[in-house]
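# Overview (structure and organization)
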Amino acid sequence: MLKKLSIQNFAIISNLSLRFGPGLNVFSGETGAGKSIVIEALGFVLGARGDADAIKDGAQKMTVSAEFSSDMLPENIRQERQLTQDTFTLKRELDRHGKGKAYINGKPVTVSALAQIGRYLVDFHGQHEHQSLLHPSVHLTLLDKFAKQEALLQKVLASYTHLKNIEERLNAAALSEQEKERLRDLCAYQLKEIEDVNPTADEDLQLEQSLPKMKNSGKLLELAQTAYNELYEDESSATERAGKAARCLEDMAQLDENAAELAESLNSALAALEDAASSLAAYKDDINLDPQALDDMLSRHEKIKRLKSKYGPGIEDVLKTAQDLKQRLHALEHQNEEEEQLRQEWEKEHAQLLRLSQQMHDKRMQAAEKLSQLLCEQIRPLGFNAVRFRANVEMDEENLGPTGADKVEFLFSPNPGQALRPLKNIASGGEISRVMLGLKTVLAPTVPVMVFDEVDAGIGGETAHLVGEKLKAVSNGRQVLCVTHLAQVAAQADENFHVAKTAQKDNTEVAITLLNGKSLTAEIARMLGGNADPKSAAYIHAQELLKQAGRKNETK
């Protein structure tokens with residue numbers, strides 16, 4: 001269960017810490033006092049959408065933390081999150097820049113991790129959620145939740161997705177003969193344009209490196225020849241002079257051993273000089289002065305440049321385009337074969353989706369019968385003595401979709417002799433609220449905490465008393481948090497919290513007080529439209545409601 005909820009700077013709440021007990025926990029107070037803010041804060045820490053606009057004026061961030069018992073979590077989730085203690089704490093922060101942080105027992109996690117755990121802990125029913133029950137599109141989702149056929153639903157979705165993919169490929173392949181011919185001609189032309197040039201990988205880089213040498217070949221040859229002559233060919237060349245100097249040093253080394261190192265250094269320099277001269281000779285011999293070779297290289301460079309501008313930006317892109325064009329041509333030439341293969345694949349997948357949808361339909365039919373029976377049992381004590389309810393399931397094989405081929409609609413008859421009709425056409429607001437309460441009870445039997453935010457909207461009198469008793473019964477073995485304006489509901493609570501808002505010149509605050517004794521009786525009287533005078537009819541009525549709920553000690 002939820003043991004503690006701490007809220008800082010959330011909406012108009014500055015700092016609030018609440019402890020909850022088992023059973024039915026009820027929040028009451030004037031309209032606009034901030035009762036629903038507590039529910040919104042709990043939703044926020046459990047992964048609901050956060051809005052920086054909800055941060056209290058003057059604060060830089062809002063923080064909500066919640067302490068839960070861990071015994072109701074599945075064992076695999078407890079092991080995954082290393083929750084070895086009896087309790088664990090969830091925490092979430094959001095600042096004015098929209099940046100958020102989330103924690104489980106102080107360890108950083110994603111918001112989706114909070115939401116994952118939250119699904120096992122709390123089921124929310126908001127103020128306006130019962131209106132969604134009027135839309136048949138919601139009925140299929142509710143029935144599938146009750147049927148617990150997630151694995152089969154995933155198979156249906158996967159089959160449908162595959163079928164749509166095949167249809168897209170078929171549509172793309174279904175071209176007219178004229179269009180196919182046009183595409184064949186275009187692909188053939190583009191491929192020939194690339195193959196005529198037949199570029200190789202990195203050829204553009206090689207040409208860009210070679211062209212400057214080719215363009216300046218005359219000047220390069222002249223300079224290389226001059227440098228070579230200076231090094232090697234003339235009688236007074238550098239190599240000749242260096243050789244003579246080396247021989248002199250060798251003779252000196254015979255007379256003075258200190259000159260040996262100099263002789264060795266000069267010989268090394270002479271060897272390097274001869275190597276340079278040899279390389280220079282090879283370089284000048286490699287210089288091509290042929291004008292035709294230069295023209296050919298310039299032409300080649302221009303052709304590759306043009307290919308890159310059309311199919312590039314790089315030479316690897318041009319080569320990839322050529323490969324794609326070959327594949328496209330092959331596909332166009334064998335398109336009839338491909339279409340036939342796709343049609344066969346579509347037929348096979350369509351039959352598979354139809355089989356899965358039939359399985360899903362059978363499961364839904366079974367679940368619908370059981371849901372109808374259980375729901376009638378749940379809502380009959382809420383003032384529906386002759387109620388009838390049916391989850392109607394119809395299969396339309398011509399409209400296969402991601403959830404199969406079923407249409408589901410809830411049919412309802414609250415009175416004797418009244419035919420079953422769509423819920424949206426017959427139920428009043430109060431009836432819808434009671435049906436939703438019954439559905440929540442049926443659909444969330446294992447969730448330890450249930451939250452109802454004004455589930456009692458649109459009802460009163462004896463029906464309100466019945467709803468209060470139902471909420472009390474629902475809280476048996478689990479924890480229920482309920483925001484209400486009905487005294488009949490508040491009287492059934494195990495814990496009563498009064499929510500009050502105080503407004504000052506520059507600030508608004510929310511205070512929540514745990515009620516008992518006279519303060520509780522006075523609050524019940526206020527909800528009945530009276531005051532705290534012990535002699536007033538409302539106060540006496542409040543005492544009676546508390547006594548009927550078995551809370552005699554609370555009236556003292």
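Refer to the preceding data block for the structure.
So, how was this worked out
Residues numbered from 1 in each chain as written. Predicted model: local features only at pLDDT ≥ 70, side-chain atom pairs only at ≥ 80, totals over all residues. Heavy atoms only, no water. Helix = DSSP H or I, 4+ residues; strand = E, 2+ residues; numbered from the N terminus. Contact = heavy atoms within 4.5 Å. Buried < 20%, exposed > 50% of the residue type's maximum accessible area, 1.4 Å probe, protein only. Core = buried A, V, L, I, M, F, W, Y, C linked by side-chain atoms within 4.5 Å. Pairing = 2+ DSSP bridges. Axes fitted to C-alpha atoms, helices over the stretch in contact; angles between N-to-C directions. Parallel < 35°, antiparallel > 145°, perpendicular 65-115°, else oblique. Left-handed = near helix turned anticlockwise from the far one by under 90°. Expected span 1.5 Å × (residues − 1). Phe/Tyr/Trp six-rings, centres within 6.5 Å; stacked < 30°, edge-to-face > 60°. Lys NZ or Arg CZ within 6 Å of the ring centre and 35° of its normal.

## Thoughts on the side chain of Gln-492
Locating Gln-492 in the fold gives a position in the loop between α18 (487-490) and β14 (495-503). Contact partners of Gln-492, with chain neighbours within four places excluded, come to Leu-24, His-465, Gly-468, Glu-469, Lys-472, Ala-549 and Arg-551.

## Description of unusual backbone geometry
The phi dihedral of Asn-9 is positive, around 55 degrees, even though this residue is not glycine. Take Asn-9: it is sitting in strand β1 (residues 2-10). Look at Asn-9 and you get partly exposed, because its relative accessible area is 23%. In this model, Lys-148 sits at a positive phi of 55 degrees, which is unusual for a non-glycine residue. In this structure, Lys-148 sits in the loop between α5 (136-147) and α6 (150-173).

## Here we look at the nonpolar core
By size, the foremost hydrophobic cluster in this structure holds 57 residues, and its most contacted members are Phe-410, Leu-471 and Ile-524. Counting 45 residues, the second-largest nonpolar core is a separate cluster that includes Leu-2, Ile-7, Ile-104 and Ile-117.

## Comments concerning the sheet that holds strand β11 (residues 421-422)
Strand order in this open sheet of three strands is β9-β10-β11, and the pairing throughout is antiparallel. Where the open sheet ends on each side, the last strands, each with one partner, are β9 (388-395) and β11. Where β9 meets strand β10 (residues 406-413), eight bridges bridge the pair, whose relative direction is antiparallel. When the bridges of β10 are listed, Asn-392 appears paired with Glu-409. Its contacts with the sheet place α5 against β9 and β10, and it is angled at close to 100 degrees to β10.

## Some thoughts on the packing of helix α19 (residues 517-527) against helix α20 (residues 537-548)
Look at α19 against α20: their axes get within 8 Å of each other, and the N-to-C directions meet at 110 degrees. The angle between the axes of α19 and α20 places the two elements in the roughly perpendicular class. Of the two possible hands of crossing, α19 and α20 adopt the one that is right-handed. On the side of α19, the interface is formed by Lys-518, Leu-520, Thr-521, Ala-522, Ile-524 and Ala-525, while α20 contributes Ala-538, Tyr-539, Ala-542, Gln-543, Leu-545 and Leu-546.

## Here's the deal with the environment of Leu-24
Relative to the helices and strands, Leu-24 resides in strand β3 (residues 23-28). Residues Leu-24 and Ser-475, 451 residues apart in the sequence, show an inter-C-alpha distance of 5.5 Å.

## Re the pairing of strand β4 (residues 61-69)
In summary, the side chains of a regular strand alternate between the two faces of the sheet. Where burial is concerned, most of β4 is hidden: seven out of the nine residues are buried. In this sheet, β4 lies alongside β1 in antiparallel orientation, the contact comprising six bridges. When the sheet's bridge partners are listed, Ile-7 is paired in β4 with Val-64. In this structure, β4 lies alongside strand β5 (residues 87-95), joined through nine bridges in antiparallel fashion. Counterpart to Met-62 in the pairing with β5 is Leu-94.

## With respect to the environment of Gln-190
With respect to the secondary-structure elements, Gln-190 resides in helix α7 (residues 177-197). Sequence spacing of Gln-190 and Thr-321 is 131 residues, and the spatial spacing of their C-alpha atoms is 9.1 Å. Those residues in contact with Gln-190 that sit more than four places away from it in its chain are Tyr-311 and Leu-325.

## Re α5
When the terminal C-alpha atoms of α5 are compared, their 17 Å separation across 12 residues agrees well with the 16 Å that a helix rising 1.5 Å per residue should span. Directly after α5, the chain includes Lys-148, whose backbone phi takes a positive value near 55 degrees.

## A look at the sheet that holds strand β2 (residues 13-19)
Strands sit in the order β2-β1-β4-β5-β6-β7 across an open sheet of six strands; the sheet is antiparallel. Sheet topology places β2 and β7 (107-109) at the edges, where each strand pairs with a single neighbour. Between one strand axis and the next, the sheet turns by 15 degrees as a mean value, whatever way the strands run. Across the sheet, helix α1 (residues 35-45) is in contact with β1, β2, β4 and β5; its angle to β1 comes to roughly 100 degrees. Where helix α3 (residues 111-121) meets the sheet, it contacts β4, β5, β6 (100-104) and β7, and its direction lies at approximately 135 degrees from that of β5.

## A look at the packing of aromatic side chains
Aromatic rings considered in pairs are described by the distance between their centres and by the relative angle of their planes. This model, assessed by the stated rule, comprises six aromatic pairs. Taken together, Phe-20, Phe-27 and Phe-497 form an aromatic cluster joined through their ring pairs. Just above the ring of Tyr-103 sits the side chain of Lys-91; from NZ or CZ to the centre is 5.8 Å.

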